[in-house]
Amino acid sequence: MRVSALNLARTCRVYASPAFLVFTFSTPIFGTNLKAIFLFFATATLLTVKPSLSKAEFKWLFVALIAFTPSLLIDFYFLAHGYNINLSGAFLILSVLFSILLAHRISTSEFLLRYANLVTFLTIISTLLYLLVRAQPALLNFAIGYTYYDFPGQSFVVQNFIILDHSAVFRNSGFASEPGVFQMFINSAIAIYFYYQRVTLLRLLILTTGVFTTMSTAGFITFFALLIIASPVRYRALVFIIAVVASSQLGNLAADQYQRKILSEHAFAARYEPIVNAIDVIAQYPFGFGSIRYSQNLEILNIGSHDSYTQATMRFGIQGLILFIVLLLRLIKRRSWIVLVLALGATTNNIFMFPALLLFLFVDWKRPQTAKVH
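The structure presented is a predicted model; accordingly, all values stated were derived computationally and were not measured. (Residues numbered from 1 in each chain as written. Predicted model: local features only at pLDDT ≥ 70, side-chain atom pairs only at ≥ 80, totals over all residues. Heavy atoms only, no water.)

1. Overview of the overall build of the protein
Just so we agree on the cut-off: The numbering of helices and of strands both runs from the N terminus, where a helix is a DSSP run of H or I of at least 4 residues and a strand a run of E of at least 2. Burial classes follow relative accessibility: with a 1.4 Å probe on protein chains only, a residue under 20% of its type's maximum area counts as buried, one over 50% as exposed, and anything between as partly exposed. Whether two residues are in contact is decided by their heavy atoms: any pair within 4.5 Å suffices. Only the protein chains shown count as cover for residues, and the accessible areas themselves come from Shrake-Rupley with a 1.4 Å probe.
Along its length, the protein carries 17 helices and 4 strands. Looking at the protein residue by residue over its 374 residues, the buried ones come to 53%. Considering only residue pairs separated by 6 or more positions, the protein has 73% of its internal contacts joining residues 24 or more positions apart. Put simply, the protein shows about 17700 Å² of open surface, and 66% of that area lies on carbon and sulfur atoms.

2. Structural notes on the packing of aromatic side chains
Each aromatic ring pair is summarised here by two numbers: the centre-to-centre distance and the angle between the ring planes. Let me state the cut-off plainly: Pairs were defined over the aromatic rings of Phe, Tyr and Trp, the Trp ring being its six-membered one, requiring ring centres within 6.5 Å. Orientation was assigned from the angle between planes: stacked under 30 degrees, edge-to-face over 60, tilted for the rest.
Summed over all chains, the structure comprises 22 aromatic pairs. Plain terms: the ring middles of Phe68 and Phe316 are 4.7 Å apart, the flat faces sit at 55° to each other, and that makes the pair tilted. Separated by 248 residues along the polypeptide, Phe68 in helix H4 (residues 55-80) and Phe316 in helix H14 (residues 308-316) bring together distant segments of the chain. On the accessibility criterion, Phe68 (5% relative accessible area) is buried.

3. Things to note about a nonpolar patch on the surface
The condition is simple: In this analysis, a patch consists of residues with relative accessible area above 30% that form no salt bridge, clustered at 9 Å for like charges and at 5 Å for the nonpolar side chains Val, Leu, Ile, Met, Phe, Trp and Tyr. Note on definitions: salt bridges are taken to be side-chain nitrogens of Lys or Arg within 4 Å of carboxyl oxygens of Asp or Glu.
A cluster of nonpolar side chains, namely Leu47, Leu53, Phe58, Phe62 and Ile66, defines an oily patch on the protein surface of about 490 Å² accessible area. The element that contributes the greatest number of residues to the nonpolar patch is H4, accounting for 3 residues. Relative to the elements of secondary structure, Phe62 occurs in helix H4. On the accessibility criterion, Phe62 (46% relative accessible area) is partly exposed.

4. A few points about the environment of Arg203
Mapped onto the fold, Arg203 is located in helix H8 (residues 201-214). Arg203 gets classed as buried once you look at its relative accessible area, which sits at 17%. Along the primary structure Arg203 and Ile190 are separated by 13 residues, whereas in three dimensions their C-alpha atoms are 8.5 Å apart.

5. Description of the pattern of salt bridges
Applying the stated criterion across every chain yields a total of 3 salt bridges. Where Glu110 meets Arg114, a salt bridge forms, and the shortest distance between an N and an O atom there is 3.6 Å. Of this pair, Glu110 and Arg114 both sit in helix H6 (residues 108-135), 4 residues apart, which is roughly one turn of that helix. Close ionic contact of Asp364 with Arg334 constitutes a salt bridge, the shortest N to O distance being 3.6 Å.

6. Notes on the side chain of Thr127
Test applied: Polar contact is the term for a pair of N or O atoms within 3.5 Å; when the atoms are in protein, one must be able to donate a hydrogen and the other to accept it, and sequence-neighboring residues count only if both atoms are side-chain atoms.
Within the element layout of this structure, Thr127 appears in helix H6. Engagement of the side chain of Thr127 in a polar contact is seen with the backbone oxygen of Thr123, the distance being 2.7 Å. The contacts of Thr127, once residues within four sequence positions are left out, are Gln159, Asn172, Thr209, Gly210 and Thr213.

7. Examining the pairing of strand E3 (residues 160-164)
Stated precisely, the cut-off is as follows: For two strands to pair, DSSP has to find at least two bridges joining them.
Where burial is concerned, most of E3 is hidden: 4 out of the 5 residues are buried. Linking two consecutive strands that pair antiparallel, namely strand E2 (residues 151-155) and E3, is a turn of 4 residues; a positive phi of about 70° is found at Val157 within it.

Spatial relationships are all this shows, so hold off on functional conclusions.
Structural data, given as structure tokens:
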């Protein structure tokens, strides 16, 4: 749906611009509560710019209301009984509402190509900073300190390093909170370029470097799946070339991941137990646990699973999971291969925390004859 040039300018200039979506809601520098406040004003701005709702917006908002109502009622109940206000639940719901509104108030191709160009530009800067700090670790002494959940970190604003056991984790987190999140942004840019047939060899090499420096298993799987399934024919040979060049690295990475995440009893338990506990919670509360109760019991019940599927079901119930899966199936039907990024990324990350990624579920994936944005 196209809006007037004035409304589009007002919408995209600050609140709905790719830069605002990508950086503000992916950086670990800002806490969830602050992000929720940003998102509230961003959503309010969209409604101010264009107060009336289209038929498509009304439909999706109605569906979202049905999905979220049980969780909201549970949260209101606990608020009434003196529990602390928790903004993480509000952030997740606002992410969905904002994505629905924004998706139907922008020129889709223009916005997405600008998004992909921005991610490519940030990937260049982030990866250069990453390589520089790898070569000169002492530069971390000049970085900004922050806390990501319970982990300390050092940030150069567009390049972040998580510190574990007083040592930096030298995987490329880029402008995002962690490498697994950064790979989703990079792979989403690749998927957009493929979809609009705007990929160039230079762009692909830049983004490939970014993916490889994240050393993310999900990132590699998604990247090769995109190359095999969605890339233009002229780039299919790159699959073989990259696989050969990176074979030793991929082999070492696979062995390292197997050693650390499967054979390591502590690391395996840290990933396996929260999922099992989450399934127990889902079995007891099939219509949702509520965000306030989730936060209160996160550590007590050890339910901090990273994937989107159990997160959506615990907080919002089976109806929340169904909504998410239906949205993914719509992408497959429209042959929008960004579904690979979201579906695979959702196995290791909660994408509901990133409106820039959640937006892809609602935009109108109709490929234009020509794309105007370079």
